[in-house]
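Descriptive analysis of the structure
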Amino acid sequence: MASSNTPSYSPASMLNEAQWLQLNQAVSQLNPSQLTWVSGYLAGLAQAQAPAAVLTSVEPQSSAEPSAKMTILYGSQTGNAKGVAENFKNHAEAAGLNVQLMNMADFKPKSIKNETHVAIVVSTHGEGDPPDDAIELHEFLGSKKAPKLDALKYSVIGLGDTSYEFFCQTAKDFDQKLSALGAKAVTELVSCDVDYDEAAEGWIASVTSKLKDELSKSSQVVAMPGVTLKESAPIVHEYTKKNPYTATLGEQIKITGRDSVKDIRHVEISLEDSGIQYSPGDALGLWFTNDPALVDEILTILELDGDDAVNLAGDSMALKAALVEKLELTQSYPNFVKSYGENSQDEKLKALLATPADLRDYLADRQIVDVIRDFPVKIEAQQLVDALRPISPRLYSIASSQAEVEEEVHLTVAVVEYDAFGQKHLGGASGFLAERLEEEQEVRVYIENNDNFRLPADPNTPVIMVGPGTGIAPFRAFMQERDAQEAEGKNWLFFGNPSFTQDFLYQVEWQRFVKDGVLDKISLAFSRDQEHKIYVQHRLLEQGAEVYQWLEEGAHFYVCGDANQMAKDVHEALISIVEKHGGKNREDAEKYITDLRRAKRYQKDVY
């Protein structure tokens, strides 16, 4: 018999019957990862991954406070880095580590001096630029204000694309800056290419293993007598990159004129009966297959048999099927040339491989097939497969609101098509949509959430939208949503393209939005309709006083489109506007813009 000083933990004394039933029912719906978020004895069950258990009475013990925690910081432009960070958090918690997850945009840079363990997951975009979330911390660590971090342990993983010159540059910057400040690396920097899943899983496992002893929670399961937990219900998986939904193509309409220099398509995809939900600002991930005619040419040049069996990620399949369905053939990248040319004696190819800058210049307008045409080396089927990287889905900003289109999703797709080296070239996904996929045929898709590109929660808040070219896509979704909400907030669109008569995308719809009072202002910049070129940044500067007035009234400012030039020009225009019309110097104007970004009033969806 328990002494009088021992608390009783019977169900009757702690919870009434209804509460026990509710608790038991709730637990039965949780998977092991979710169980780790629940305190007490449920965390113990989750770590053991036991779907069912009979708990016996034990003496209660107090949970000791962990001596340290790890802060997982992510900077993500499209959501991939955020996904890796979330997976890391779940894995670490399941292993019993004390961790917290934070967007870099929500992390105060100065507070890094108070951290003992930090894991950084960050992408790179444009010309080695950090994502918006990461800019402030990235700049702070390289500034004179950065503190010594001798007590900090850290690990960094970067997501990037080897086809770009500054591959994973932001991750390299973080690694170098933290090391220079005295922090100690737990693992070496991991730089991931577009096919990052395996490398990310390895990094997660390595960091978790190395820090398990230092960061493990010390908690004792307190069990209730006579309580049997039901086996968890089957997990309902959402459609994801690894588990896409098989949708059907609806309409596909060219929305540029006959004489336009661009071929831009409005694409409608049916999501009927999928249950998929998305929000304005999200992107659609779209899987595609390669052109069989292109594959046949590659096989012919290399004198390979498409029926030959090859091994791909542990699966055996025919070479031609692997090239059509699984491997990247339209985006070229240095690592392919290096692997492809390993056994080549071609002096020109050797020279290219010896000079990285020349190799990147060579690859600028070339696809994989161009390299093979130029250097038809003798190669085995498996060697070719090993040299290529897997196809990665393409992300398109969603151009519709479900409040308007319901079980559909709309895209605005620029078809990548150009002539070079005597051959016609098509983009992988855009060519698939434009030339090979017909109405009612199947296409695999998933939603990529983008919480960094959202309409204001308050529908009365004004918004300014800058979206030249296909950057118009999310703003069509924004206006459909604001129309359905009957939002009172003012809306101002800046749109640009080469020609008014050929390239005014969704012209009739914008005119209707203006007529109905949904769109209060529209400022247009058609670059080739006059002798001197006019772009959206010029229109912003022309109307700078009113732009600044809107910002002072609380407007949110959005930019979508080209990251390398347009977004930078718009950013500079915005700083100039704040300087001139806000009466500020450059430093104060930049701080004003930083504050907008920190308050999520300045958001970009750039690529």
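A brief look at the structure comes next. (Residues numbered from 1 in each chain as written. Predicted model: local features only at pLDDT ≥ 70, side-chain atom pairs only at ≥ 80, totals over all residues. Heavy atoms only, no water.)

What to know about a negative patch on the surface
- Taken together, the side chains of Glu272, Asp273, Glu404, Glu406 and Glu407 present a region of like negative charge at the surface.
- If you trace the backbone, glutamate 406 turns up in the loop between helix H16 (402-405) and strand S15 (408-414).
- Here glutamate 406 falls in the exposed class, since its relative accessible area comes to 60%. (Patch = residues over 30% accessible without salt bridge, like charges linked within 9 Å, V, L, I, M, F, W, Y side chains within 5 Å. Areas by Shrake-Rupley, 256 points an atom, 1.4 Å probe, with all protein chains shown as cover. Salt bridge = Lys/Arg side-chain N within 4 Å of Asp/Glu carboxyl O. Lys, Arg positive; Asp, Glu negative; His and termini not counted. Charge placed at Lys NZ, Arg CZ, Asp CG, Glu CD. Helix = DSSP H or I, 4+ residues; strand = E, 2+ residues; numbered from the N terminus. Buried < 20%, exposed > 50% of the residue type's maximum accessible area, 1.4 Å probe, protein only.)

Regarding helix H9 (residues 292-302)
- If you check which residues of H9 are buried, you get Leu294, Val295, Ile298, Leu299 and Leu302. Relative to the axis of H9, the buried residues are bounded by an arc of 140° and lie together on one face. In H9, those exposed residues whose orientation departs by more than 90 degrees from the buried face are Ala293 and Thr300.
- As for H9, its buried residues are in contact with helix H10 (319-325), helix H11 (334-340), helix H14 (368-374) and helix H15 (381-387).
- The backbone nitrogen of alanine 293 lies 3.0 Å from a side-chain oxygen of the residue at the head of H9, namely aspartate 291.
- Within two residues after H9, glutamate 303 carries a phi angle of roughly 55°, on the positive side. (Arc of directions from axis to C-beta. Contact = heavy atoms within 4.5 Å. Polar contact = N/O pair within 3.5 Å; in protein donor to acceptor, adjacent residues only side chain to side chain.)

Points about the pairing of strand S2 (residues 70-75)
- Among the six residues that make up S2, six are buried, leaving the element largely enclosed by the rest of the structure.
- Burial along S2 is two-sided: the residues Met70, Ile72 and Tyr74 and Thr71, Leu73 and Gly75 are all buried.
- Relative to strand S3 (residues 99-103), S2 runs parallel, the two sharing five bridges. Residue methionine 70 lies in a different strand from S3, and its bridge partner there is valine 99.
- In terms of handedness, the path from S2 via helix H5 (residues 80-94) over to S3 forms a crossover that is right-handed.
- Pairing between S2 and strand S4 (residues 117-123): six bridges, direction parallel. Counted as the bridge partner of leucine 73 is isoleucine 120 from S4. (Pairing = 2+ DSSP bridges. Right-handed = clockwise from strand over helix to strand, strands pointing away.)

A look at the packing of aromatic side chains
- If you walk through the whole model with that rule in mind, you get 20 aromatic pairs.
- Judged by centre distance (5.5 Å) and plane angle (90°), the ring pair of phenylalanine 500 and phenylalanine 526 falls under edge-to-face. Remark: phenylalanine 526 occurs in strand S21 (residues 521-526) and phenylalanine 500 occurs in helix H19 (residues 500-503); sequence separation between them is 26 residues.
- Note on phenylalanine 526: relative accessible area 7%, which makes it buried.
- Over the face of the ring belonging to tyrosine 506 we find arginine 476, whose NZ or CZ atom lies 4.7 Å from the ring centre.
- Over the ring of tryptophan 492 we find lysine 521; its NZ or CZ atom is 4.9 Å from the centre of that ring. (Phe/Tyr/Trp six-rings, centres within 6.5 Å; stacked < 30°, edge-to-face > 60°. Lys NZ or Arg CZ within 6 Å of the ring centre and 35° of its normal.)

Thoughts on the sheet that holds strand S22 (residues 556-561)
- The five strands lie next to each other as S21-S20-S19-S22-S23, forming an open sheet whose pairing is parallel. Pairing within the sheet leaves two strands with one partner each, and these edge strands are S21 and strand S23 (602-606). Ignoring strand direction, the axes of neighbouring strands in this sheet form an average angle of 10°.
- Across five bridges, S22 lies against S23 in parallel orientation. Bridge pairing in S23 links valine 559 to lysine 604. (Axes fitted to C-alpha atoms, helices over the stretch in contact; angles between N-to-C directions.)

Focus on the sheet that holds strand S14 (residues 394-397)
- With respect to topology, six strands assemble into an open sheet ordered S14-S11-S18-S9-S10-S15, the strand pairing being antiparallel. In this open sheet, the two strands that pair with only one neighbour each are S14 and S15. In this sheet, adjacent strand axes meet at a mean angle of 40° when their direction is disregarded.
- Where strand S11 (residues 283-286) lies against S14, four bridges are found, and the strand directions are antiparallel. Bridge pairing links leucine 284 to tyrosine 396 in S14.

So far we have only geometry, and geometry alone does not tell us how the molecule works.
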